[in-house]
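Secondary and tertiary structure notes
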Amino acid sequence: QAKQQGRARWVMFDTAMQQKALRRLQLESELRLAQERGELWLAYQPIVSPRDGLICGFEALLRWDHPIYGAVGPAEFIPVAEEIGLISAMGSWILRHACRQLRTWQHDSGRSMTMSVNLSAMQLSHHGLVALVEQTLNETGIIAGTLRLELTESAITAAPEHALGILLQLKQLGVKLSLDDFGTGYSSLSQLRRLPIDTLKIDRSFVSQMDLHDDKRQIAEVVMMLAHILGMDVVAEGAETVAEVKLLGEMGADFVQGYYYFKPMRADAAEAAWRGQSAMRT
Ligand code: C2E
Ligand code: MG
Ligand code: MG
Ligand code: MG
């Protein structure tokens, strides 16, 4: 009896593994075609000042709508794109597309809102990155300081010396740099001090329910203090409730990004959100 049960469980486990591997294979081959089929698009999530609730900029977030699998999240498919060598081409498209959108919005509104673009660890180690950013700035004519490139701690700690060199070159171009998901990686304070980072993005795990957990709130507070000591500004990620937003404002968060204000949206909806606030922006 017991033996049979164990066997059944093994079969189930095996099936789950097989399904995972199968999905993975399917994603791989479908992802190779996604770009030319026009299934990839960028969503834009507003980044807001907690003082007045006004939009200061947007983060571009990649989306994949597959005709059969539906929406596949970037957390699932970006690692696949990295593994099969697609991230470089995909990353160039993302950067160009986001910068063109930024130029259009800046031109139409006459305002220099910012655009944040995520870079994968692999893009950081690819030697063409600096040239790509430079070319995209030239091509679109946006003010370099309105482009914010987001990197994670792990992308930097993987090869700190190399990363530092690239970051310094990017800074030379005038773009701003953000450290994403801060608090989930292992960067040391001495490393942080040396990095030419303009913005720390406090990870959602510290923001979510920070009003209910003293430790989260205190960690967020310390990270903000640290950032300000280092001359960086702070974006708090993932605020969903009025209580969280209120606390973040009191703590001195420079910017907040979260569902409380806006979810990531299609370009036309993002533009409408921006326009809707224009009367308040004098
Ligand atoms: P990220 O860069 O930290 O982006 C923020 C993520 O938090 C986004 O998830 C966003 O939708 C989500 N988020 C924002 N506010 C809230 C909130 O209030 N509640 C909750 N529950 N979630 C919130 P998304 O779009 O699924 O992206 C996940 C990750 O995938 C990103 O994390 C980033 O690491 C990666 N990614 C997304 N787009 C790109 C891209 O164009 N290039 C690269 N290399 N990576 C990307
Ligand atoms: Mg990001
Ligand atoms: Mg993040
Ligand atoms: Mg994240």
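Heads up: these notes are all about the structure in this document. Just so it is clear, the model here is predicted, and its values are computed rather than measured.

1. A look at unusual backbone geometry
Most of the time, phi is negative for any residue but glycine, and the peptide bond is trans. With a phi angle near 55°, Asp181 is a residue other than glycine that sits in the positive phi range. In this structure, Gln209 is a non-glycine residue whose phi angle is positive, near 60°. Looking at the element boundaries, Gln209 is found in the loop between α9 (204–207) and α10 (214–229). Given the relative accessible area of 39%, Gln209 is considered partly exposed.

2. Here's the deal with the coordination of the magnesium ion (ligand 2)
Octahedral six-donor coordination of a metal ideally yields angles of 90 or 180 degrees, compared with 109.5 degrees for tetrahedral four-donor coordination. At 2.0 to 2.2 Å from the magnesium ion (ligand 2) lie its protein donor atoms, namely Glu59 (OE), Asn118 (OD1), Glu150 (OE) and Asp180 (OD). All donors of the magnesium ion (ligand 2) belong to a single chain; written as a sequence motif, their spacing is E-x58-N-x31-E-x29-D. Between the magnesium ion (ligand 2) and the magnesium ion (ligand 3) the interatomic distance comes to 4.1 Å, and Asp180 is a ligand of both metals. Taken together, the residues Glu59 in strand β2 (residues 55–66) and Asn118 in strand β4 (residues 114–118) connect sequence positions 59 residues apart.

3. Quick look at the packing of aromatic side chains
With the rule as written, the count across this model stands at four aromatic pairs. A centroid spacing of 5.1 Å and a plane angle of 70° characterise the contact between Tyr44 and Trp105, whose relative ring orientation is edge-to-face. Of the two residues, Tyr44 sits in strand β1 (residues 40–48) while Trp105 sits in helix α3 (residues 87–109), which places them 61 residues apart along the sequence. Each member of the pair Tyr44 and Trp105 is classed as buried. Between Phe58 and Trp105 the ring centres are 4.8 Å apart and the planes differ by 45°, which places this aromatic pair in the tilted class. A residue pair is termed long-range when its members are at least 10 positions apart, and Phe58 in strand β2 and Trp105 in helix α3 qualify at 47 residues. One exposure class covers both Phe58 and Trp105, and it is buried. Three or more aromatic residues link up through ring pairs in this structure, and these residues are Tyr44, Phe58 and Trp105.

4. As for the coordination of the magnesium ion (ligand 3)
The protein atoms that coordinate the magnesium ion (ligand 3) are Asp180 (OD), Asp181 (OD), Glu237 (OE) and Glu237 (OE), at distances spanning 2.1 to 2.5 Å. Sequence spacing of the donor residues for the magnesium ion (ligand 3), all on one chain, is D-D-x55-E. When its relative accessible area of 7% is taken as the criterion, Asp180 is described as buried. When its relative accessible area of 13% is taken as the criterion, Glu237 is described as buried.

5. Observations concerning the pattern of salt bridges
This structure, assessed with the given rule, holds 16 salt bridges. Across the pair Glu30 and Arg37 runs a salt bridge, and its minimum N-O distance is 2.9 Å. For Arg37, a relative accessible area of 43% gives the class partly exposed. In this structure, Glu139 engages Arg100 in a salt bridge whose closest nitrogen and oxygen atoms are separated by 2.7 Å. On the criterion of sequence distance, the pair formed by Glu139 in helix α5 (residues 129–140) and Arg100 in helix α3 is long-range, its members being 39 residues apart.

So, how was this worked out
- In every chain, residue numbers begin from 1 and rise along the written sequence.
- Working convention: letters from A go to chains and numbers from 1 go to ligands, in the order in which they are written.
- In keeping with the predicted nature of the model, local features appear solely for residues at pLDDT of at least 70, side-chain atom pairs appear and are counted solely at 80 or more, and the whole-chain, interface and lining totals rest on all residues.
- With hydrogens and water excluded, all non-hydrogen atoms of the structure serve as input to the side-chain values.
- Secondary structure counts use DSSP, requiring at least four H or I residues in a row for a helix and at least two E residues in a row for a strand, with both numbered from the N terminus.
- Under the scheme applied here, a residue whose accessible area is under 20% of the maximum for its type counts as buried, over 50% as exposed, and between as partly exposed, the area being computed with a 1.4 Å probe on protein chains only.
- Because no water is among the atoms considered, metal sites can look incomplete, with donors defined as N, O and S atoms within 2.8 Å of the metal, or 3.2 Å for Na, K and Ca.
- Each Phe, Tyr or Trp ring, with Trp reduced to its six-membered ring, pairs with another whose centre is within 6.5 Å; inter-plane angles below 30 degrees give stacked pairs, above 60 give edge-to-face pairs, and intermediate values give tilted ones.
- Salt bridges are defined as contacts in which a side-chain nitrogen from Lys or Arg sits within 4 Å of a carboxyl oxygen from Asp or Glu.

Keep in mind that these numbers describe shape and distance, not what the molecule does.
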